[in-house]
Every structure is written in C-alpha cells, then in structure tokens.
Amino acid sequence: MAKNKKVLITGSTGLLGLSLIRNRPRAFDLYGGYYKFPAERLPYKQACGYHEFDIRKKEEVDSMFDKISPDILVHAASLGSVDYCENNKEQARQTNIDGSRNLIEACKRGGAFFIFISSNAVFDGENPPYGESDTPNPIDYYGRTKLRTETDLVESGIQHAVLRLMTMYGWNHPLERQNPVTWILEKLIKDNRVNIVDDIFNNHLFVDNASQAVWAAASKNKQGIYHVAGGETISRYELACRTADIFGLDKGLIRPVSSSFFPSIAPRPKNTSYRIEKTQKELLVAGMDVRTGLTLMRDDPPKEWKYDWC
C-alpha cells in the first residue's frame, strides 16, 4: 500500500488553508503552518497537525522542514490586503518576498514540490481576459511581491506550480480577514448602507473550487502556471447584489459607485478576468458560476465557529 504524501500548508488558518484542510484527499497527511493565531481556536484538528512558525525567520522554517520533511509545500501565507501592503511595503516585502525565499530554499534542500498561491494582482487589467502566457504587469505593491516570488521560483530551478487564484469568497474563520462576500453579509445583516464599486470586474472564485484545483495540482504533480477562477465575469457591485439575493437580504442598501469614490485606497486593476481553459483541461477543474458558489455557501454554513454579526 502506497504511503501517504506529507503536505505542509502555510497560511492554514486563512480562507484557502481551511478549505484545503476541509476538502483534503485521503492520499495526503496534512500539516498546517500558522502564525499568531490562538491555538485553542484552531479548527479541524482531527484532520491536520498544526505548527506555529514565522516564515520570515529562516531558522524556524528550516526547523519545521527538518521536523516534518514534507513532500509537498502549499504556500498560501501572505500579507494579502492590497491597501496594507501599499502602505507597509517593508513588512510586505519581509513576509511575501523574503518569507517565500526561505521556503524556496527549504524546498530546494529537502526536495519538496512547491505549490505557490499567486494572484490576479500580477496583471494591470488593461487587456482581459488573461491566459497563463500573457505578460504580467502589476500596478500595486502586493501584485509586485507575488510576481517577485513567481520569478524567484523559476530562477531556483526547483519543481513547482504557480496557481494564480482569482479573488476568492467563502466562509472565513471569524479571526481571519474577511472577503467580499462575508464583508457584505456582515454589513447587510446589520442593515448598514454600503458603497460598492461597479467598475471593477473579475470572475470571482468560490474557495472550495480553488482548493479543488490545488489538490488536483498536488495529486497530478503538475508544474507550470495555472489560472484558477470562476465561470463568469461580473462586477464587485453585481457580486454584492447576488449575495443579497441568495441570502435573502436587502440589496437596496447597496449603492453602486466608481473606483474614484475611494481616492485613498491603492489602485485596483479594472478587469483581471482569466481564461481558464488550461486549468479545465489539465487539472479537470471547471469554473463555478457565482450563483452556485453563493448557494453552496448559504446551504453549508460553518458549524465549527460563530460570527459576531450573525
């Protein structure tokens, strides 16, 4: 009987990390890396062995790899807020670039297959839809950190896959950063009026659809770049309205505005939607439409934790 492969997931308490654990294939033993998260609040402990370490500290990364000896690394940890990265470039560099380099070196030393979770932020949004061979041109610092790690991986010579995930939605842990859907749910449940941009477009990605692609790449040992996204391109405003409809909330509270309404935030690409034919063909993962993803969210809320706003 074949021995299970050991998979180390960084950012295991984030939106994608928890979906990866929840949807784990039986062929893998999971180890979750986390940082500054209450140990007593860690979910799915029966499915994943958790370890706290700081990817910015090379000695902690090396110690973790020596302890686990992973066959596969899924690197999902990062500073993911575009605005925070723009205003805190040094901290973003230390985490997103230097931390990733520590992991690359550890994989190089131990022979682990590196699956890097990248982003649609590597594109400028001027010529959508984007395929894997299109030239990146990030317009914000967060996107530049992601592209830097993509380049570092190529230059390292190690076996790797880059999964550029579209903006995701799904049930995040209450202690972790919200996403466009949980953010709008909190506002509408509290009967708050909200302004949502109607000139930013992408093919929004349900997180369980994303984890399906990650596990397919791991299972098939697929190398190269893959674009992972939902099956339809809509605006952020339309996403908010559909969320209200599916969850039975008042979409009259949602007002469409242009990006210029928020002059203080970091620049956002107007349309970074993907072509996903390669992912469909090689990973056998189809893009899910927004209505299906939101309905799955509504019908399967997390039982492991509660939200303050519910």
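The rules behind each value
- Residues numbered from 1 in each chain as written.
- Predicted model: local features only at pLDDT ≥ 70, side-chain atom pairs only at ≥ 80, totals over all residues.
- Heavy atoms only, no water.
- Pairing = 2+ DSSP bridges.
- Helix = DSSP H or I, 4+ residues; strand = E, 2+ residues; numbered from the N terminus.
- Right-handed = clockwise from strand over helix to strand, strands pointing away.
- Buried < 20%, exposed > 50% of the residue type's maximum accessible area, 1.4 Å probe, protein only.
- Contact = heavy atoms within 4.5 Å.
- Salt bridge = Lys/Arg side-chain N within 4 Å of Asp/Glu carboxyl O.
- Phe/Tyr/Trp six-rings, centres within 6.5 Å; stacked < 30°, edge-to-face > 60°.
- Lys NZ or Arg CZ within 6 Å of the ring centre and 35° of its normal.

**Some remarks on the pairing of strand S1 (residues 5-10)**
Two faces, one strand: in a regular strand the side chains alternate between the faces of the sheet. Judged from the five bridges that link them, S1 and strand S2 (residues 28-34) form a sheet pairing that is parallel. Within the sheet, the bridge partner assigned to Ile 9 lies in S2 and is Gly 32. This β-α-β element, S1 to helix H1 (residues 15-22) to S2, shows right-handed connectivity. Where S1 and strand S4 (residues 72-75) come together, four bridges link them in parallel fashion. By the bridge assignment, Val 7 is partnered in S4 with Ile 72.

**With respect to helix H6 (residues 180-189)**
For H6, the buried fraction is high: seven of the 10 residues fall into the buried class. Of the residues making up H6, those classed as buried are Pro 180, Val 181, Thr 182, Ile 184, Leu 185, Glu 186 and Leu 188. Each element contacted by the buried residues of H6 is listed here: strand S7 (168-169), strand S8 (194-197), helix H8 (236-247), strand S13 (254-257) and helix H10 (290-299). At the exit of H6 stands Asp 191, carrying a positive phi of roughly 60 degrees.

**Looking at the pattern of salt bridges**
Under the defined criterion, the tally for this structure stands at 22 salt bridges. Between Glu 155 and Arg 148 there is a salt bridge, with the nearest N and O atoms lying 3.5 Å from each other. Looking at Arg 148, the relative accessible area reads 30%, which means it is partly exposed. For Arg 242, the salt bridge goes to Glu 232, with nearest N and O atoms at 2.9 Å. With Arg 242 in helix H8 and Glu 232 in the loop between strand S11 (224-228) and strand S12 (234-235), this residue pair connects regions lying 10 residues apart in the sequence. Each of Glu 90, Arg 93, Asp 98, Arg 101, Arg 148, Asp 152 and Glu 155 takes part in one network of salt bridges that share partners.

**Some thoughts on the packing of aromatic side chains**
Under the criterion given, the structure shown has 11 aromatic pairs. Judged by centre distance (6.4 Å) and plane angle (80 degrees), the ring pair of Phe 123 and Tyr 274 falls under edge-to-face. Of the two residues, Phe 123 is situated in the loop between strand S5 (113-119) and helix H5 (141-156) and Tyr 274 in the loop between S13 and helix H9 (277-283); the sequence distance between them amounts to 151 residues. Taken together, Trp 171, Phe 247, Tyr 307 and Trp 309 form an aromatic cluster joined through their ring pairs. Geometry around Tyr 226 places Lys 278 over its ring, the cationic atom sitting 4.5 Å from the centre.

**Quick word on unusual backbone geometry**
Here the amide bond leading from Pro 128 into Pro 129 is cis, since omega sits at -5 degrees, within 30 degrees of zero. Even without being a glycine, Asn 221 presents a positive backbone phi close to 55 degrees. Tracing the sequence through the fold places Asn 221 in the loop between helix H7 (207-220) and S11. Positive phi outside glycine occurs at Leu 284, with the angle close to 60 degrees. Turning to its location among the elements, Leu 284 is positioned in the loop between H9 and H10.

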